[in-house]
Amino acid sequence: MDRRKLLLSGAALGAGVGTIGAMGAFSYSPFRRILLPETQRGNTDIGMCKSVRIVNISETSWFDNKIFMQDVTASGGLLVDQYTYNWAPFGNGKGAGKGTYADGIKMLEPYFAKGDLDGAWNNAKELCQHPDNAGGFSCLVEIEALDGKKTRYLFDCGWNYQWMDTCFKREGIDKMLANGEIEAFISTHEHMDHYWGFPVVAKYAPNIHVYRPSTFYPEGKDYMAKSGHVGKVTEVQKGLHRLQDGVALYQFECPIIFRVFGEMSMYCNVKDVGLVSITGCCHQGIILFADTAYKEIAYEKDQFYGLYGGLHISPFDDWDPKYDDLVIGLKKWNLQRVGCNHCTGLITAQKFVDAGYPVVQGTARFRSKTTNYLGNGDTLSFPS
């Protein structure tokens with residue numbers, strides 16, 4: 001049967017079965033595959049590493065979803081510039097939706113010059129919308145090479161200066177940064193909860209090598225420089241960027257809420273285990289994220305073994321039935337270990353548990369909301 005006849009028969013099926021047809025009976029039939037291009041297996045060799053260990057410094061991007069969404073609504077919704085929300089530390093005291101980057105950085109610069117981040121945040125509290133609701137996402141990724149050498153990367157840096165400094169000290173990140181024990185800082189994308197805490201990184205390691213998406217806006221680049229960073233910056237272009245044996249970054253170019261563009265994720269090929277993937281938010285979509293690895297990278301045992309980070313299916317807990325398709329769709333990868341963070345969403349994480357996914361349970365310490373998240377201060381290793 002050629003494609004045209006198949007499509008006609010599909011249309012007839014839809015008309016004939018009424019409601020079932022409208023629900024997409026053809027999409028769930030074996031015939032759907034004939035319309036899809038054959039997926040070509042990727043063969044790019046990124047090498048191998050021995051193990052991956054993740055320390056969750058802070059997964060709590062913000063503490064109260066209701067307050068966060070009130071701020072978003074009052075400022076014009078999800079599609080406006082994040083610097084206009086009047087969120088700390090970029091506040092000017094003019095109210096929701098009336099902030100600017102220029103006003104915010106002008107207020108911050110004198111504090112940066114003095115190295116007084118605590119003062120900067122306290123001052124911002126007087127000018128900003130719900131500053132105490134800000135938290136942040138950041139984790140430490142430790143890669144063990146085949147020869148046993150261990151290399152650490154700081155993956156994102158959170159939002160709230162005071163919260164992140166506390167979290168850094170709790171996990172010893174402050175000392176690692178100051179002692180040069182962290183190879184580089186990786187900024188996944190420009191969102192406030194993943195990036196605005198960068199002055200805390202620069203406070204301890206102004207010379208640290210930074211990897212950031214090439215799609216950063218001028219404001220984001222200026223903020224990094226004025227935070228006191230004087231080290232090397234690598235602008236990661238679209239596609240695959242090998243970091244070390246067994247580890248590669250991948251820059252996805254996609255429009256994101258709050259006027260951000262592009263997100264970078266990490267793929268690790270672990271010997272005798274398979275692919276371990278790490279995301280900040282996964283705005284590019286979890287299916288694209290998984291499919292990209294399959295189409296581009298050769299990895300052990302052809303096994304997509306582990307996944308950690310935000311999956312961005314329902315981070316605001318605004319569940320839509322269509323999201324169930326994403327939960328179902330991940331089953332084809334036969335994941336062996338899944339670590340969720342705040343950006344995955346409470347409902348999503350529970351859906352994964354209910355669907356039988358091997359979700360690694362956390363301790364729900366330090367203000368993490370559920371044991372379905374790999375919570376603040378928890379660790380995850382591949383292999384376990």
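Structure's up top.
Residues numbered from 1 in each chain as written. Predicted model: local features only at pLDDT ≥ 70, side-chain atom pairs only at ≥ 80, totals over all residues. Heavy atoms only, no water.

### Structural notes on the pattern of salt bridges
Turning to step 1, where the next piece is worked out: All chains considered together, the criterion is met by 18 salt bridges.
Turning to step 2, where the next piece is worked out: The residue Arg152 makes a salt bridge to Glu181 at a minimum N-O spacing of 3.7 Å. Pair noted here: Arg152 is in strand 3 (residues 150–155) and Glu181 is in the loop between helix 7 (173–178) and strand 4 (184–186), with a separation of 29 residues, a long-range link.
Turning to step 3, where the next piece is worked out: Under the relative-accessibility criterion, Arg152 is labelled partly exposed at 24%.
Turning to step 4, where the next piece is worked out: The shortest N-O distance in the salt bridge between Asp245 and Arg242 comes to 2.2 Å.
Turning to step 5, where the next piece is worked out: Overlapping salt bridges bring together Asp81, Glu219 and Arg259 as one network. (Salt bridge = Lys/Arg side-chain N within 4 Å of Asp/Glu carboxyl O. Helix = DSSP H or I, 4+ residues; strand = E, 2+ residues; numbered from the N terminus. Buried < 20%, exposed > 50% of the residue type's maximum accessible area, 1.4 Å probe, protein only.)

### Some details on the packing of aromatic side chains
Turning to step 1, where the next piece is worked out: Taken as a whole and judged by the stated rule, the model has 29 aromatic pairs.
Turning to step 2, where the next piece is worked out: With a centroid separation of 5.1 Å and 15 degrees between ring planes, the pair formed by Phe68 and Trp87 is classed as stacked. Residue Phe68 is located in helix 3 (residues 65–74), and its partner Trp87 is located in the loop between helix 3 and helix 4 (101–114); the two are separated by 19 residues in the primary sequence. Both residues of the pair, Phe68 and Trp87, count as buried.
Turning to step 3, where the next piece is worked out: Note that Arg41 overlies the ring of Tyr294, its terminal NZ or CZ placed 4.6 Å from the centroid.
Turning to step 4, where the next piece is worked out: Above the ring of Tyr299, the side-chain terminus of Arg41 is found at 4.5 Å from the ring centroid. (Phe/Tyr/Trp six-rings, centres within 6.5 Å; stacked < 30°, edge-to-face > 60°. Lys NZ or Arg CZ within 6 Å of the ring centre and 35° of its normal.)

### Notes on the side chain of His189
Turning to step 1, where the next piece is worked out: Positionally, His189 belongs in the loop between strand 4 and helix 8 (192–195).
Turning to step 2, where the next piece is worked out: Classification of His189 as buried rests on a relative accessible area of 0%.
Turning to step 3, where the next piece is worked out: Among the polar contacts made by the side chain of His189, one reaches the side chain of Thr188 at a distance of 2.8 Å.
Turning to step 4, where the next piece is worked out: Within the local environment of His189, its side chain forms a polar contact with the side chain of His191, the two groups lying 3.2 Å apart.
Turning to step 5, where the next piece is worked out: Excluding anything up to four places from it in sequence, His189 contacts Asp156, His194, Tyr195, Pro213, Phe216, Val260, Gly262, Glu263, Cys281 and His283. (Polar contact = N/O pair within 3.5 Å; in protein donor to acceptor, adjacent residues only side chain to side chain. Contact = heavy atoms within 4.5 Å.)

### Considerations on the sheet that holds strand 1 (residues 51–58)
Turning to step 1, where the next piece is worked out: Taking strand neighbours across the sheet as the criterion, the seven strands line up as 6-5-4-3-2-1-13 in an open arrangement whose pairing is mixed. Because the sheet does not close on itself, it has two edges, and the strands there are strand 6 (233–236) and strand 13 (379–382). On average, adjacent strands in this sheet sit at an angle of 20 degrees to one another, irrespective of strand direction.
Turning to step 2, where the next piece is worked out: In terms of strand pairing, strand 2 (residues 138–144) meets strand 3 through six bridges, oriented antiparallel. Of the residues in strand 3, the one forming a bridge with Ile143 is Thr151.
Turning to step 3, where the next piece is worked out: The sheet contacts of helix 6 (residues 161–171) involve strand 1, strand 2 and strand 3, and relative to strand 1 the element is tilted by about 135 degrees. (Pairing = 2+ DSSP bridges. Axes fitted to C-alpha atoms, helices over the stretch in contact; angles between N-to-C directions.)

### Examining the nonpolar core
Turning to step 1, where the next piece is worked out: Grouped together as the largest cluster of nonpolar side chains are 57 residues, with contacts concentrated most on Leu177 and Tyr223.
Turning to step 2, where the next piece is worked out: With six residues, the single largest contributor to this core is helix 4.
Turning to step 3, where the next piece is worked out: Look past the residues within four positions of Tyr223 in its chain and what remains in contact with it is Pro89, Phe90, Tyr101, Ile105, Leu108, Phe112, Tyr161, Tyr195, Trp196 and Pro199. (Core = buried A, V, L, I, M, F, W, Y, C linked by side-chain atoms within 4.5 Å.)

### Focus: helix 6
Turning to step 1, where the next piece is worked out: Burial in helix 6 covers these residues: Tyr161, Trp163, Met164, Asp165, Cys167 and Phe168.
Turning to step 2, where the next piece is worked out: The N-terminus of helix 6 is capped by Asn160, whose side-chain oxygen sits 2.9 Å from the backbone nitrogen of Gln162.
Turning to step 3, where the next piece is worked out: Of the residues trailing helix 6, Gly172 is marked for its positive phi of about 75 degrees.

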